[in-house]
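Tertiary structure, described
Single-letter residue listing:
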Amino acid sequence: MSAGPVTGRALSRRALLRRAGLGGAAALTAAGLPGCTLVARQVGERSGGSRRGGRLLLAQAEDVNFATFRQQNTVNALWQRLVFNTLTVYDHATLRPRPSLATGWEVRDGGRTVVFRLRDDVRFHSGRPFGPEDVVANIRWQASEEGAPGQLRSTAAAVTDAEATGPHEVTLRLAHGVSNFFDLCEIMFIADHETLAELETGSVLNGTGPFVFTDYSPGVSMSFRRNPRYWKPGRPYLDEAELRVVGEQQAIVAALQSGQTHLGFQLNGSHLHNVRADERLTVHELDTSDYGHYLGCNLAVEPLDDRRVRQAIAYAVDRDKILRMVVDGVGRTASSPWTPSSPAYDEDAARHYRHDPARARALLREAGVTGARLELAVRSSEPGGDRSTAEIVQDGLRAIGLDVEITVFQPADFQNRLSTANLPGLWVAGHGFGQLNPATLLNGAFPFNAHANASNFVSERYRRLADEAWKATGEAEAARAYREVTQLLLREQFVIDLVSSAQSFVFSDALRGIGYTMFNNLDLDDAYLAEE
């Protein structure tokens, strides 16, 4: 991974996002991108000697989930990029797609044809050469509705034909241009096409990445060893990596402070606040800023089928308190799902709902609702995080006359109910996809999916706007669709955004050179353990 100045005229992150889609007529080629900048974001570079070898210890609170391999799922963020690579990877500074398994590409016919040139020196961990047939199979798998489809399924399904057009070339033909094609390339880890069927069970994980998967003990750990045939010369530096499932967040903190873990993940604001005082540890807030804390509403549960009640709830919640007490001030209050890097971001929309109990009570009176009882679901009983957010929400809703009780579900049960749109009444959770192309959130993130979502919200206009945002071929057309869909989200409030924040890595002073993708996947290509 190299860094250097970007030459030529700089574009805004929003303009670059628009160009990264496949809706325009201009061709994009890797060779045509000026300069060379950091691809996966790197952190932890400090003084001190590097050394080869060593065993890296990682820790997170929840077990991994192989069944959701095609999705962005926080529990898989620490291991997927260790075993697999993607065709392209976004540069964090410019949001331009950069080469990875693809060395270059051309976009033709208004985004309806994409030609990828592939590396000729890559092998899977099994020893089989990587080739065009793997790209074809992975795109078809991403488009499949079997199993647990990924959030970018609709984008993959827009590829109507994929074929090898050379020993190291693949040509894709799409039904129409799509604005979020390179979001798909960023999230689509390329697996061996011969073992795709075993991937979602975790029985075979055959990738091209820097580490080879060696062992998994459910609820305990995953183990990896260095890939000696990795296509990046001299990488990785580390010999081994182990991901431990610790369970309690306080146990992760204890492991970090005692030197039993080099990097911890899935820590909430209260634990992050405590570790900031430890000079041996670094808290790095991921610059993707893609974690939206939200309150979901199931419209199949009365009186949540009335938008005035949902708007009342949006006014009743004290977002500033959540920002201060739950996420330790990391981020900003939000009323819409977009982060400032998104071309759909609008400051006025982001500040639309303020804490206003009087207005909330007036909306409830207008809706004829008094003393309604609502269940509020969370996936963890541990203090901090979603549980603390739920308690702040509960206080706000009780203050306007709603009777709210918190119910704690086990993580797997919560996820199952969320994915089947069967959560009771209200729930607190987090969403991603606000940082990249808006079409990815509108057509992919299940809380917002215009075609089927966790809230049972159905709107033909919403579907139309999401489709227009996805197929937009010009900046003016896209901007109009983003503006209208944002106003619809503010009005309907089936998803009530609260705080836009960021995930964080906490790592020890010994760990240097880690990176991560725009979907928060840990990148250890250049990571090493410093000399003591």
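The present account deals with the structure reproduced in this document. (Residues numbered from 1 in each chain as written. Predicted model: local features only at pLDDT ≥ 70, side-chain atom pairs only at ≥ 80, totals over all residues. Heavy atoms only, no water.)

**Things to note about the overall build of the protein**
- Helix and strand counts for the protein stand at 17 helices and 24 strands.
- The C-alpha atoms of the protein give a radius of gyration of 23 Å, which matches the 24 Å a tight globule of 532 residues would have.
- Along the first, second and third principal axes, the C-alpha atoms of the protein reach 65 × 55 × 45 Å.
- Here the protein, with 532 residues, has 60% of them falling under the buried criterion.
- Long-range pairs, those at least 24 residues apart, make up 72% of the contacts in the protein with a sequence separation of at least 6.
- In the structure as shown, the protein presents an accessible area of about 19700 Å², 46% of it carried by carbon and sulfur atoms.
- When the 56 positive and 64 negative side-chain charges of the protein are each reduced to one mean point, those points stand 4 Å apart. (Helix = DSSP H or I, 4+ residues; strand = E, 2+ residues; numbered from the N terminus. Rg over C-alpha atoms; globule rule 2.2 N^0.38 Å. Buried < 20%, exposed > 50% of the residue type's maximum accessible area, 1.4 Å probe, protein only. Contact = heavy atoms within 4.5 Å. Areas by Shrake-Rupley, 256 points an atom, 1.4 Å probe, with all protein chains shown as cover. Lys, Arg positive; Asp, Glu negative; His and termini not counted. Charge placed at Lys NZ, Arg CZ, Asp CG, Glu CD.)

**Notes on the packing of aromatic side chains**
- Scanning all chains against the criterion turns up 22 aromatic pairs.
- Summarising the aromatic geometry, the rings of Phe505 and Tyr516 are spaced 6.0 Å apart at their centres and angled 85° between planes, so their arrangement reads as edge-to-face. Pair noted here: Phe505 is in strand S20 (residues 504–508) and Tyr516 is in strand S22 (residues 514–516), with a separation of 11 residues, a long-range link.
- Residue classification places Phe505 among the buried positions, given a relative accessible area of 0%.
- Put simply, the rings of Phe66, Phe69, Trp79, Phe84, Trp141, Phe189 and Tyr216 pair up and form one aromatic cluster. (Phe/Tyr/Trp six-rings, centres within 6.5 Å; stacked < 30°, edge-to-face > 60°.)

**What about the sheet that holds strand S11 (residues 240–245)?**
- If you walk across this open sheet you meet the seven strands as S9-S10-S11-S2-S12-S20-S13, and the pairing is mixed. In this open sheet, the two strands that pair with only one neighbour each are strand S9 (211–217) and strand S13 (281–285). (Pairing = 2+ DSSP bridges.)

**As for the packing of helix H16 (residues 460–471) against helix H17 (residues 475–492)**
- Direction vectors running N to C along H16 and H17 enclose 145°, while the axes themselves pass 9 Å from each other. Viewed along their axes, H16 and H17 form a crossing whose handedness is left-handed. Note on element contacts: H17 touches H16 through Arg480, Ala481, Tyr482, Glu484, Val485, Leu488, Leu489 and Arg491, opposite Arg461, Tyr462, Leu465, Glu468 and Ala469. (Axes fitted to C-alpha atoms, helices over the stretch in contact; angles between N-to-C directions. Left-handed = near helix turned anticlockwise from the far one by under 90°.)

**Here we look at the pairing of strand S19 (residues 495–501)**
- Among the seven residues of S19, seven are classified as buried, and the element is accordingly described as predominantly covered.
- In the sheet, strand S14 (residues 291–297) pairs with S19 via six bridges, with the strands oriented antiparallel. Within the sheet, the bridge partner assigned to Gly292 lies in S19 and is Ser500.
- Pairing between strand S15 (residues 332–333) and S19: two bridges, direction antiparallel. When the bridges of S19 are listed, Thr333 appears paired with Val499.

**What to know about the sheet that holds S15**
- Within the open sheet, the six strands sit side by side as S15-S19-S14-S18-S16-S17. Their pairing is mixed. Each end of this open sheet is capped by a strand with a single partner; those strands are S15 and strand S17 (403–408).
- Examined bridge by bridge, S14 and strand S18 (residues 426–431) share six bridges and lie antiparallel to one another. Each bridged residue has a counterpart across the sheet, and for Gly292 the counterpart in S18 is His431.
- Here helix H9 (residues 307–316) sits on the sheet and contacts S14, strand S16 (373–378), S18 and S19; the angle it forms with S19, its principal contact strand, is near 25°.
- Sheet strands in contact with helix H13 (residues 385–399) are S14, S16, S17, S18 and S19, and its direction is about 165° off that of S17.

**Focus on the pattern of salt bridges**
- Counted under the stated rule, the structure contains 38 salt bridges.
- Residues Asp526 and Arg235 are paired through a salt bridge, measuring 2.5 Å at the closest nitrogen-oxygen approach. Of this pair, Asp526 sits in the loop between strand S23 (522–523) and strand S24 (528–529) while Arg235 sits in the loop between strand S10 (221–226) and S11, and the two are 291 residues apart along the sequence.
- What makes Arg235 partly exposed here is its relative accessible area of 21%.
- Residue Glu492 pairs with Arg307 through a salt bridge whose shortest N-O separation is 3.0 Å. Within this pair, whereas Glu492 is found in helix H17, its partner Arg307 is found in helix H9, the two being separated by 185 residues in sequence.
- Looking at Glu492, the relative accessible area reads 8%, which means it is buried. (Salt bridge = Lys/Arg side-chain N within 4 Å of Asp/Glu carboxyl O.)

**Points about the packing of H9 against helix H12 (residues 357–367)**
- Interaxial distance between H9 and H12 falls to 8 Å at its minimum, and their mutual angle equals 165°. The orientation of H9 relative to H12 falls into the category roughly antiparallel. Between H9 and H12 the crossing geometry is left-handed. From H9, Arg308, Val309, Gln311, Ala312, Tyr315 and Ala316 reach across to H12, where they touch Pro357, Arg359, Ala360, Leu363, Leu364, Glu366 and Ala367.
- Of the residues assigned to the contact of H9 with H12, the class counts are nine nonpolar, one polar and three charged. (Parallel < 35°, antiparallel > 145°, perpendicular 65-115°, else oblique. Nonpolar A, V, L, I, M, F, W, Y, C, P; charged D, E, K, R; others polar.)

**Digging into the nonpolar core**
- Formed by 112 residues in total, the largest nonpolar core has its most connected members in Phe116, Leu172, Phe181, Leu295, Ile313, Leu402 and Tyr462.
- Non-local contacts of Ile313, meaning those with residues more than four positions away in its chain, are made with Leu295, Leu304, Leu374, Leu397, Leu402, Leu426 and Ile496.
- If you look at the next biggest cluster of nonpolar residues, it comprises 36 residues, including Ala77, Phe211, Leu263 and Phe505. (Core = buried A, V, L, I, M, F, W, Y, C linked by side-chain atoms within 4.5 Å.)

**Some points on H17**
- Taking 1.5 Å as the rise per residue, H17 with 18 residues should run 26 Å; its terminal C-alpha atoms sit 26 Å apart, in good agreement.
- Of all the positions in H17, only Ala478, Ala481, Tyr482, Val485, Thr486, Leu488, Leu489, Leu490 and Glu492 are classed as buried.
- Taken together, the buried residues of H17 touch H9, helix H11 (347–350), helix H15 (438–443) and H16.
- Positive backbone phi, approximately 50°, marks Gln493, located one or two places after H17. (Expected span 1.5 Å × (residues − 1).)

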